[in-house]
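The primary structure of each chain is shown beneath.
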Amino acid sequence: DNNVLSSYIYDEYDRCGGVMRSHHSDTDEKKHTNWSSENINQDLNSGKYPEIVKLIDLIYPNAMKAFAEFSPKPELSLGLGSVWFNINKMGQHVAPHQHPGFVLAGVYYVKANEKSACLKFMHPDKAVSWAYDPITFPKRTPYTNPLYSKTPKAGKFILFPGNLQHYVDSNEDVEDRVSIAFNFSIRYPQ
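What counts and how
- Note that residues are indexed from 1 along each chain, following the sequence as it is written.
- In view of the model being predicted, local features appear only for residues whose pLDDT reaches at least 70, and side-chain atom pairs are presented and counted only at 80 or more, with totals across whole chains, interfaces and linings using the full set of residues.
- Just so you know, side-chain values use all the structure's heavy atoms and leave hydrogens and water out.
- What counts as a ring pair is set by centres within 6.5 Å for rings of Phe, Tyr and Trp (its six-membered ring), and what kind of pair is set by the plane angle: stacked under 30 degrees, edge-to-face over 60, tilted for all other angles.
- For helices the rule is a DSSP run of H or I covering at least 4 residues; for strands it is a run of E covering at least 2, with both sets numbered from the N terminus onward.
- Accessibility here uses a 1.4 Å probe with only protein chains present; expressed as a share of the type maximum, an area under 20% marks a residue as buried, one over 50% as exposed, and anything in between as partly exposed.
- Counted as salt bridges are all cases of a side-chain nitrogen of Lys or Arg within 4 Å of a carboxyl oxygen of Asp or Glu.
- By convention a nonpolar core is built from buried Ala, Val, Leu, Ile, Met, Phe, Trp, Tyr and Cys residues, the set being connected through side-chain atoms within 4.5 Å.
- The contact rule is simple, with two residues in contact once any of their heavy atoms fall within 4.5 Å.
- Take the number of residues in a helix, subtract one, and multiply by 1.5 Å to get its expected span.
- Any pair of nitrogen or oxygen atoms within 3.5 Å is treated as a polar contact; in protein, a donor-acceptor pairing is required on top of that, and neighbouring residues in sequence qualify only through side-chain atoms on both sides.

1. Notes on the packing of aromatic side chains
Evaluation of the coordinates by the stated rule reveals seven aromatic pairs. Ring centres 5.2 Å apart and planes at 85° place the aromatic pair tyrosine 13 and tryptophan 35 in the edge-to-face group. With tyrosine 13 in helix α1 (residues 2-15) and tryptophan 35 in strand β1 (residues 35-36), the pair connects residues that are 22 residues apart, well separated along the chain. Just as tyrosine 13 is buried, tryptophan 35 falls in that class too. On the numbers, 5.6 Å between centres and 90° between planes, the contact of tyrosine 49 with phenylalanine 85 is edge-to-face. Remark: phenylalanine 85 occurs in strand β2 (residues 77-88) and tyrosine 49 occurs in the loop between α2 (41-44) and α3 (50-68); sequence separation between them is 36 residues. Like phenylalanine 85, tyrosine 49 is buried. Pairwise contacts between aromatic rings join Tyr8, Tyr49 and Phe85 into one cluster.

Quick look at the structure:
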């Protein structure tokens, strides 16, 4: 229920006075202009966010399916590393970053549309932009394109490798772009 999810997010936004955490996990530099909550993972078992627990129950099998494509040892599984809320108001962006230490990352769009700014993934090979120039290679493919974009839409979930650098351009819509982000780490047997 995106309405319930949205109320969780705006309640947390109001509770902290719209003050975002000071930096992203891969740097001490404050480089994003959007609001992001602190990690709410510890609140999930307390019953505070039952609708998010339902969402995770839907997401987790897909994350495990994607994780299997990495060909890990069969006894390994995924653990939920961190969960946080994001609000991108008009003109706010998320600078290029990665999620170090997490094998998979994901985003669920609670409120978004085509004007909300795409999620953009940067090709891991920095040389792709000059090796495959658009004059010689006019039809871009996942192998020759330096950027891959996904348009946000309410109800859409995107899962990707945590080491893949990504960013979000400025939100051009007057409506907020609202999302929930997830990190998954490897769970080792005890």
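2. Things to note about the pattern of salt bridges
The final tally for this structure, using the stated rule, is five salt bridges. Between glutamate 51 and lysine 54 there is a salt bridge, with its nearest N and O atoms 3.3 Å apart. A residue pair is termed a helical-turn pair when its members lie 3 or 4 positions apart in one helix, as glutamate 51 and lysine 54 do in helix α3 at three residues. What makes glutamate 51 buried here is its relative accessible area of 15%. Here glutamate 175 and lysine 111 are joined by a salt bridge, their closest N and O atoms 3.4 Å apart. Placement of the pair is glutamate 175 in the loop between β8 (166-168) and β9 (177-187) and lysine 111 in strand β4 (residues 104-111), with a sequence separation of 64 residues.

3. Considerations on the nonpolar core
Core analysis: the biggest nonpolar cluster contains 27 residues, and Leu5, Ile9, Ile52, Phe85, Ile180 and Phe182 have the highest contact counts within it. Looking at this core, the elements that each hand over two or more residues are α1, α3, β2, β4 and β9. Here the element with the most residues in this core is α3; it accounts for six residues. Look past the residues within four positions of isoleucine 9 in its chain and what remains in contact with it is Trp35, Phe85, Ile87, Val110, Val178, Ser179 and Ile180.

4. Some words on α1
Residue pairs three or four apart in sequence face the same way in an α-helix, which turns once every 3.6 residues. With 14 residues, α1 ought to run about 20 Å at 1.5 Å a step, and its terminal C-alpha atoms sit 20 Å apart, in line with that. On its buried face, α1 is in contact with β1, α3, β2, β4 and β9. For α1, the N-terminal cap is aspartate 1; the gap from its side-chain oxygen to the backbone nitrogen of asparagine 3 is 2.9 Å. Two residues or fewer past α1, glycine 17 is found with a positive phi of approximately 70°.

5. Looking at unusual backbone geometry
Of note, the phi angle at serine 71 is positive, near 60°, even though the residue is not glycine. Tracing the sequence through the fold places serine 71 in the loop between α3 and β2. Residues other than glycine seldom take positive phi values, yet alanine 117 does so here, at roughly 85°. With respect to the helices, strands and loops of the structure, alanine 117 is situated in the loop between β4 and β5 (119-122).

Read these as spatial facts, not as claims about activity.
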